Amino acid sequence: MSQTGVIVAYKNDCAIVNLNNPGRANALSRFLVEELADHVERLSQSDTLRAVVFTGGESKAFCAGADLKERRMMDEDQIVSYVALLRDTFTKIAELPMPTIAAIKGLALGGGCELALSCDIRVMEEDAFMGLTEVSWGIIPGAGGTQRLSQLVGAGKAKELIFSARSLRAHEAEKIGLVEQVCGVGESEQKALELAYEISKNAPISVRLAKAAIHSYNAAQLENGLNAEWSYYKQTIPTRDRLEGLAAFIEKRSPVYRGE
């Protein structure tokens, strides 16, 4: 992949965080996630930024999820370490003091969907796909997806989507409250920036306090849920089904799961 996994630009008191692994549809390699974590930490210290937009940069995709080719080379301890970093990074994105917007194009699947869910607002191009597809690869969402999706669309709809590993087009995602805006193809970053600039015109302290107040709702329940999700995710790591999912991905075939 490129020398820089994440590129951050600044404009009109807003930050634009561009994922930069275009050759792999912005797959979340360890290198990319480490860079993302570093940038998010710096963003969290800013007293002047009024909004942050997350985009897929030069890739045709927002983020296709975990880099399964890289993951197949990891042992179980390395996988746990990687997913722990991923979930901590997404939690820090969710806890950024300023509003955050995901500009979704192409694909936002698995970890890419969890990244979008970590943002406050989602703008999605009409031909894009979004979904938590982890159970089709022998794992479960492990970076906040089970909890944040349930908060957005309700437990029943979240179960339907996660259990089926189904991905949604933009208008269906908007209908169930998974995304807030749908836009034309190629327009997600511009529309997200327009919203960021609209937000930036308002009193910054008030906006930050409003975000903190909204996030205080069911905060303890979310923390408990995230801890439970992490515990259940780790139980998928030693299963043969997880290894079968990775093998099927590499071999470009349908997996055969045996519940082992």
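Please refer to the structure placed before this passage.
This is a predicted model, so every value here is computed, not measured. (Residues numbered from 1 in each chain as written. Predicted model: local features only at pLDDT ≥ 70, side-chain atom pairs only at ≥ 80, totals over all residues. Heavy atoms only, no water.)

### Description of the sheet that holds strand 4 (residues 100–104)
Spatially, the six strands line up as an open sheet ordered 1-2-3-4-6-9, and their pairing is mixed. Among the strands making up the open sheet, the edge pair consists of strand 1 (6–11) and strand 9 (181–183). On average, adjacent strands in this sheet sit at an angle of 20° to one another, irrespective of strand direction. Here strand 6 (residues 121–125) pairs with strand 9 via three bridges, running parallel. Considered in strand 9, the bridge of V123 is made with Q181. Strands in contact with helix 1 (residues 30–44) are strand 1, strand 2 (14–19) and strand 3 (51–55); relative to strand 1, the strand with the most contacts, it is inclined by about 25°. Packed on one face of the sheet, helix 4 (residues 111–118) meets strand 2, strand 4 and strand 6 and runs near 145° to strand 4. (Pairing = 2+ DSSP bridges. Helix = DSSP H or I, 4+ residues; strand = E, 2+ residues; numbered from the N terminus. Axes fitted to C-alpha atoms, helices over the stretch in contact; angles between N-to-C directions. Contact = heavy atoms within 4.5 Å.)

### A word on the pairing of strand 2
Burial of strand 2 is extensive: six of the six residues sit out of reach of the surface. Where burial is concerned, the two faces of strand 2 agree: the one with C14, I16 and N18 and the one with A15, V17 and L19 are both buried. Looking at chain direction, strand 1 and strand 2 are connected through six bridges and run antiparallel. Residue pairing for strand 2: A9 is matched across the bridge by I16. Counted between consecutive antiparallel strands, the loop separating strand 1 from strand 2 contains two residues, among which N12 sits at a positive phi close to 50°. As defined by bridge partners, strand 2 adjoins strand 3 across five bridges and the pair is classed as parallel. Looking at the pairing, V17 lines up with F54 of strand 3. In this fold, strand 2 hands off to helix 1, which returns the chain to strand 3; that crossover is right-handed. (Buried < 20%, exposed > 50% of the residue type's maximum accessible area, 1.4 Å probe, protein only. Right-handed = clockwise from strand over helix to strand, strands pointing away.)

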